[in-house]
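# Notes for the structure review
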Amino acid sequence: MTAGDAILRVEHLTMRFGGLVAVDDLSFEARRREITALIGPNGAGKTTVFNCITGFYKPTEGRMTLIHGGASALPLIDDLTASGAVSVTSESGSLFLLERMEGHKISADAKVARTFQNIRLFGGMTVLENLLVAQHNELSRASFYSIAGIFGLASYRRAQEKAMELAVYWLEATNLVHRADDAAAELSYGDQRRLEIARAMCTKPLLLCLDEPAAGLNPRESAELNALLKWIRDTHNLSILLIEHDMGVVMGISDHIVVLDYGRKISDGAPAFVRNDPHVIAAYLGVDDEDVAGVEAEVQR
């Protein structure tokens, strides 16, 4: 496993719930300016991995490093691990050990944003308000935690203007400008999916984690989602990590695919490699381990 251009480095991640091993000694990387897909049959442990990365679970074992500034910061990793600290910053960049951080710090400091399989918008707020509330950390700091806001200081007004500009930018990027004043709950399912991605982008992430973004979308909406995610990757040089069951989406946009089965990694590589990997085919067909050789023979015919 090389870490030359990795933004996320997961090493020997294990998550146990009592006697159940949901994730078993998993190692992989998500690289900069790439879309990495985490796939596998139902129950493979994909969402558990996401929950560990984003701070909802504290893993039983393993290290998860978010890297700001490139590989030149990586020589600091062993000293950081030994120190017991959560992060380190030097001239070469910053490292964050996600397993040691609280969820809100992973978002605010490590710059990791997430969407959910079950959409979690503020349904009673307008579309625009959903994008503004995503920027509450910066607005709170700009207001000195209310004083500057109460007195309408110029620094706070400038921060408000920037927040509005960013919100409008993502409304335009997701084709939701015409719905800005509508309640989020009134949007169609596809529009809600795009709004959730826009809200995540308003936090200015370096790594965007998407949990089944194509779930419930029709083929036209899935194609639009593909185009949006590729545009975000290319225009904003963003790294995207996604869980997805729609293989059309996965194969259409992914640069790199990691495949899980029963919590263990069974394949890791480019889409063309993973598509033809007998272990992946066997996992999706429900074939026992001893029958993988037969699947491999069929694939090679």
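Residues numbered from 1 in each chain as written. Predicted model: local features only at pLDDT ≥ 70, side-chain atom pairs only at ≥ 80, totals over all residues. Heavy atoms only, no water.

It is worth spelling out the overall build of the protein at this point. In terms of helices and strands, the protein carries 13 helices and eleven strands. Relative to its 301 residues, the protein shows a buried fraction of 50%. In the protein, 65% of the contacts between residues at least 6 apart in sequence involve partners at least 24 apart. (Helix = DSSP H or I, 4+ residues; strand = E, 2+ residues; numbered from the N terminus. Buried < 20%, exposed > 50% of the residue type's maximum accessible area, 1.4 Å probe, protein only. Contact = heavy atoms within 4.5 Å.)

Bridging between strand 5 (residues 87-90) and strand 6 (residues 93-97) involves four bridges; their strand directions are antiparallel. Following the sheet pairing, Ser87 is matched in strand 6 by Phe96. If you look at the hairpin formed by strand 5 and strand 6, you'll find two residues sitting between the two strands. (Pairing = 2+ DSSP bridges.)

With that settled, the discussion passes to the sheet that holds strand 9 (residues 239-243). Here six strands make up an open sheet; going across it, the order is 7-8-9-3-10-11 and the pairing mixed. The open sheet has two edge strands with one neighbour each: strand 7 (112-114) and strand 11 (264-269). Neighbour to neighbour, the strand axes of the sheet diverge by 15° on average, direction disregarded. Relative to strand 8 (residues 207-211), strand 7 runs parallel, the two sharing three bridges. The partner of Val112 across the bridge, within strand 8, is Leu207. Across the sheet, helix 1 (residues 46-53) lies against strand 3 (35-39), strand 7, strand 8, strand 9 and strand 10 (256-261), angled at about 140° from strand 9, the strand it touches most. The sheet strands contacting helix 8 (residues 189-201) are strand 7 and strand 8, and the helix crosses strand 8 at an angle near 155°. (Axes fitted to C-alpha atoms, helices over the stretch in contact; angles between N-to-C directions.)

In this section: the environment of Glu224. Mapped onto the elements, Glu224 comes out in helix 9 (residues 219-236). A relative accessible area of 35% places Glu224 in the partly exposed class. Sequence-wise, Glu224 and Thr174 are 50 residues apart; in three dimensions their C-alpha atoms are separated by 9.6 Å.

Counted by the stated rule, this structure contains 14 salt bridges. One salt bridge in this structure joins Arg16 and Glu61, with 3.3 Å as the shortest N-O distance. Residue Arg16 is located in strand 1 (residues 6-17), and its partner Glu61 is located in strand 4 (residues 61-68); the two are separated by 45 residues in the primary sequence. Classification of Arg16 as partly exposed rests on a relative accessible area of 36%. In this structure, Arg194 engages Asp191 in a salt bridge whose closest nitrogen and oxygen atoms are separated by 2.6 Å. Taken together, the residues span about one helical turn, with Arg194 and Asp191 both in helix 8 at a distance of three residues. Residue Arg194 is classed as buried on the basis of its relative accessible area of 14%. You can call Asp191 buried: its relative accessible area is 13%. Residues participating in the shared-partner salt-bridge network are Arg9, Glu11, Arg63 and Asp78. (Salt bridge = Lys/Arg side-chain N within 4 Å of Asp/Glu carboxyl O.)

A full pass over the atoms with the stated rule returns five aromatic pairs. Every member of this aromatic cluster is reached through a ring pair, and the members are Tyr169, Trp170 and Trp231. (Phe/Tyr/Trp six-rings, centres within 6.5 Å; stacked < 30°, edge-to-face > 60°.)

We now examine the layout of surface pockets. By volume, the largest pocket is sized at about 760 Å³. Taken together, 31 residues line the largest pocket, and the ones lying closest to its centre are Ser107, Arg114, Ala134, His136 and Thr203. When residues of the lining of the largest pocket are traced back to their parent elements, those giving at least two are helix 3 (103-108), strand 7, helix 4 (127-133), helix 5 (136-142) and helix 8. When residues of the lining of the largest pocket are assigned to their parent elements, the largest contribution, five residues, is made by helix 3. Per-class residue counts for the lining of the largest pocket are twelve nonpolar, eleven polar and eight charged. (1 Å grid on protein atoms, 1.4 Å probe; cavity = no way out; pocket = protein on both sides within 12 Å on 5 of 7 lines; lining within 4 Å. Points joined across faces, edges and corners; volume = space filled by probe spheres on them. Nonpolar A, V, L, I, M, F, W, Y, C, P; charged D, E, K, R; others polar.)

What follows concerns the side chain of Arg63. Mapped onto the elements, Arg63 comes out in strand 4. With a relative accessible area of 16%, Arg63 lands in the buried category. Of note is the side chain of Arg63, whose polar atom sits 2.7 Å from the side chain of Thr81. Residues in contact with Arg63, not counting those within four places in the same chain, are Arg9, Val10, Glu11, Ile77, Asp78, Thr81, Leu97 and Glu99. (Polar contact = N/O pair within 3.5 Å; in protein donor to acceptor, adjacent residues only side chain to side chain.)

In the structure shown here, the tally under the stated rule is one cavity of 30 Å³ or more. As for the largest cavity, its lining consists of Gly190, Arg193, Arg194, Leu217, Glu221, Glu224 and Leu225. Counting only elements with at least two residues in the lining of the largest cavity, the list comes to helix 8 and helix 9. In the lining of the largest cavity, the residues fall into two nonpolar, one polar and four charged.

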